[in-house]
Amino acid sequence: MPTTTVNNVAFHYQERGRGVPIVLLHGFPLDSRMWDAQVESLSDRYRVITPDLRGFGGSLPPAPFTVASFADDVHALLKQIGALPCLLGGFSMGGYISLAFARKYPSDLLGLALIDTRSEGDTSAGKENRAKMIRLVDENGTKGVVEEMFPRMLADFTITQRPDVVRRLREIMESQHPQTVKHALVALRDREDYSGDLPSLRVPALIIVGEQDAITPPVLAEGMGKAIRNPTLAVIPRAGHMAPMEQPEEVTLALRRFAEQLAVR
Ligand code: MLT
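For the structure given in this document, a descriptive report is provided here. Values in this document were obtained by computation on a predicted structure and should not be read as measured data.

1. Quick word on unusual backbone geometry
Across the chain, the bulk of peptide bonds are trans and the bulk of non-glycine residues have phi less than zero.
So, point 1. Going from Phe28 to Pro29, the amide bond is cis rather than trans, its omega being -10 degrees.
So, point 2. As for its placement among the helices and strands, Pro29 is situated in the loop between strand E3 (21-25) and helix H1 (36-42).
So, point 3. For the bond from Leu84 to Pro85, the omega torsion is -5 degrees, close enough to zero to count as cis.
So, point 4. Within the secondary structure, Pro85 is located in the loop between helix H2 (67-80) and strand E5 (86-91).

2. A short note on the site of the ligand
So, point 1. Around the ligand, the structure places Gly27, Phe28, Phe91, Ser92, Met93, Tyr96, Arg130, Met149, Ile215 and His241.
So, point 2. One nitrogen or oxygen atom from the side chain of Tyr96 is found 2.6 Å from an oxygen atom belonging to the ligand.
So, point 3. Protein chains bury 93% of the 270 Å² of accessible surface belonging to the ligand in isolation.
So, point 4. Of the residues belonging to the shell around the ligand, the class tally is six nonpolar, three polar and one charged.

3. As for the pattern of salt bridges
So, point 1. Tallied over the full model, the rule gives 21 salt bridges.
So, point 2. Salt-bridge contacts for Lys104 lead to Asp72; the nearest nitrogen and oxygen are separated by 3.0 Å. On the criterion of sequence distance, the pair formed by Lys104 in helix H3 (residues 93-104) and Asp72 in helix H2 is long-range, its members being 32 residues apart.
So, point 3. Of the residues examined, Asp72 reaches a relative accessible area of 23% and is grouped as partly exposed.
So, point 4. The residue Asp197 makes a salt bridge to Arg103 at a minimum N-O spacing of 2.7 Å. Here Asp197 is found in the loop between helix H8 (178-189) and strand E7 (205-210), whereas its partner Arg103 is found in helix H3, with 94 residues between them in sequence.

4. A short note on H2
So, point 1. The terminal C-alpha atoms of H2, which comprises 14 residues, lie 20 Å apart, in line with the 20 Å expected from a rise of 1.5 Å per residue.
So, point 2. Directly beyond the C-terminal end of H2, a positive phi value near 65 degrees is found at Gly82.

5. Structural notes on the sheet that holds strand E4 (residues 47-51)
So, point 1. The mixed open sheet is built from eight strands, whose spatial order is E1-E2-E4-E3-E5-E6-E7-E8. Only two strands of the sheet have a single partner each, and these edge strands are strand E1 (3-6) and strand E8 (232-236). Strand-to-strand twist in this sheet, taken as the mean axis angle between neighbours without regard to direction, amounts to 25 degrees.
So, point 2. Against the sheet, H3 engages E3, E5 and strand E6 (109-115), with an angle of about 140 degrees to E5.
So, point 3. Contacts between helix H9 (residues 218-227) and the sheet are confined to E6, E7 and E8, with E7 contributing the most and set at about 170 degrees to the helix.

6. Thoughts on the environment of Gly94
So, point 1. Within the fold, Gly94 resides in helix H3.
So, point 2. Along the sequence, Gly94 and Val203 sit 109 residues apart, while their C-alpha atoms lie 18 Å from each other.
So, point 3. Discounting residues that sit within four places of it in the chain, Gly94 has contacts with Leu25, His26 and Gly27.

7. Observations concerning the pairing of E5
So, point 1. Among the six residues that make up E5, six are buried, leaving the element largely enclosed by the rest of the structure.
So, point 2. Of the pairings in the sheet, the one linking E5 to E6 comprises six bridges and is parallel in character. Across the sheet, Gly89 pairs through a bridge with Ala113, a residue of E6.
So, point 3. Handedness of the β-α-β unit built from E5, H3 and E6 comes out right-handed.

8. Considering the pairing of strand E2 (residues 9-16)
So, point 1. With four bridges joining them, E1 and E2 adopt antiparallel strand pairing. By the bridge assignment, Thr4 is partnered in E2 with Phe11.
So, point 2. Taking the residues between adjacent antiparallel strands as the criterion, E1 and E2 are bridged by two residues, where Asn7 takes a positive phi near 45 degrees.

9. Here we look at the packing of aromatic side chains
So, point 1. Within this structure, the stated rule accounts for four aromatic pairs.
So, point 2. Their ring planes at 45 degrees and their centres at 6.2 Å tell us that Phe56 and Phe65 sit as a pair that is tilted.
So, point 3. Here Phe56 falls in the buried class, since its relative accessible area comes to 0%.
So, point 4. By relative accessible area, which is 6% here, Phe65 ends up buried.
So, point 5. Connected via pairs of aromatic rings, a cluster forms that spans Phe56, Phe65 and Phe70.
So, point 6. One residue, Arg191, lies across the ring of Tyr96, its end atom 3.8 Å from the ring centre.
So, point 7. The lysine or arginine in question, Arg238, covers the ring of Phe157, its NZ or CZ lying 4.2 Å from the ring centre.

Procedures and definitions
Residues numbered from 1 in each chain as written. Predicted model: local features only at pLDDT ≥ 70, side-chain atom pairs only at ≥ 80, totals over all residues. Heavy atoms only, no water. Helix = DSSP H or I, 4+ residues; strand = E, 2+ residues; numbered from the N terminus. Near = heavy atom within 4 Å. Polar contact = N/O pair within 3.5 Å; in protein donor to acceptor, adjacent residues only side chain to side chain. Areas by Shrake-Rupley, 256 points an atom, 1.4 Å probe, with all protein chains shown as cover. Nonpolar A, V, L, I, M, F, W, Y, C, P; charged D, E, K, R; others polar. Salt bridge = Lys/Arg side-chain N within 4 Å of Asp/Glu carboxyl O. Buried < 20%, exposed > 50% of the residue type's maximum accessible area, 1.4 Å probe, protein only. Expected span 1.5 Å × (residues − 1). Pairing = 2+ DSSP bridges. Axes fitted to C-alpha atoms, helices over the stretch in contact; angles between N-to-C directions. Contact = heavy atoms within 4.5 Å. Right-handed = clockwise from strand over helix to strand, strands pointing away. Phe/Tyr/Trp six-rings, centres within 6.5 Å; stacked < 30°, edge-to-face > 60°. Lys NZ or Arg CZ within 6 Å of the ring centre and 35° of its normal.

By themselves these figures say nothing about function.
Next up, the structure:
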């Protein structure tokens with residue numbers, strides 16, 4: 001896995017293939033391994049780049065960050081490796097970062113894919129829940145947060161039929177550094193509401209959501225779809241929040257079709 005130092009962090013990222021850059025940002029508390037299936041498949045025609053965000057995966061050590069500073073990190077990394085402009089896709093927390101990127105660096109985007117995510121900031125109940133999760137990390141480390149989140153992350157189909165996906169997801173989540181998990185909970189709690197940016201997005205947008213996503217449900221995806229000009233919406237059957245891992249072929253196909261449309265514009 002290549003490493004490059006930008007903004008004082010040695011960033012680990014996966015990179016495979018040649019062509020138009022497709023950059024995929026992971027969620028919380030995850031890392032680039034959540035995109036393994038998409039890297040494998042889309043790299044036949046595209047240059048697929050999946051960074052470990054600051055403090056996650058191999059991009060240690062932990063250090064405080066915000067959703068906006070994550071967008072700056074990603075931009076600096078992509079600039080350094082010559083991967084701009086790009087098609088940027090963000091899953092959940094990665095989606096918040098993609099919206100922050102679109103606000104600050106619109107001319108470096110070819111298209112935006114918002115995957116199992118939302119544009120709103122945390123509600124006051126959501127902010128209280130972040131405080132509870134920080135206490136869980138203090139008491140039980142990363143595992144405390146994983147136990148709290150896990151029951152809401154997967155569709156019934158995945159839980160009953162795909163023990164390999166259940167195991168892999170738990171492994172990726174539990175491996176994240178507890179200090180990073182705490183920094184992320186603060187960053188997620190304090191993030192801005194990007195809903196007001198949606199009507200003025202000037203690049204094509206794809207919205208993907210698992211049909212049974214209990215964390216960022218389809219109704220939120222539909223809401224973003226109404227605010228954005230001419231989006232494409234893909235609802236993924238038999239998938240929950242972790243649609244890219246639960247139904248990788250369907251998610252990859254939606255991304256591939258979107259990338260192909262961009263190429264003919
Ligand atoms: C994620 O999957 O990235 C998180 O659930 C996002 C969040 O907690 O807001």
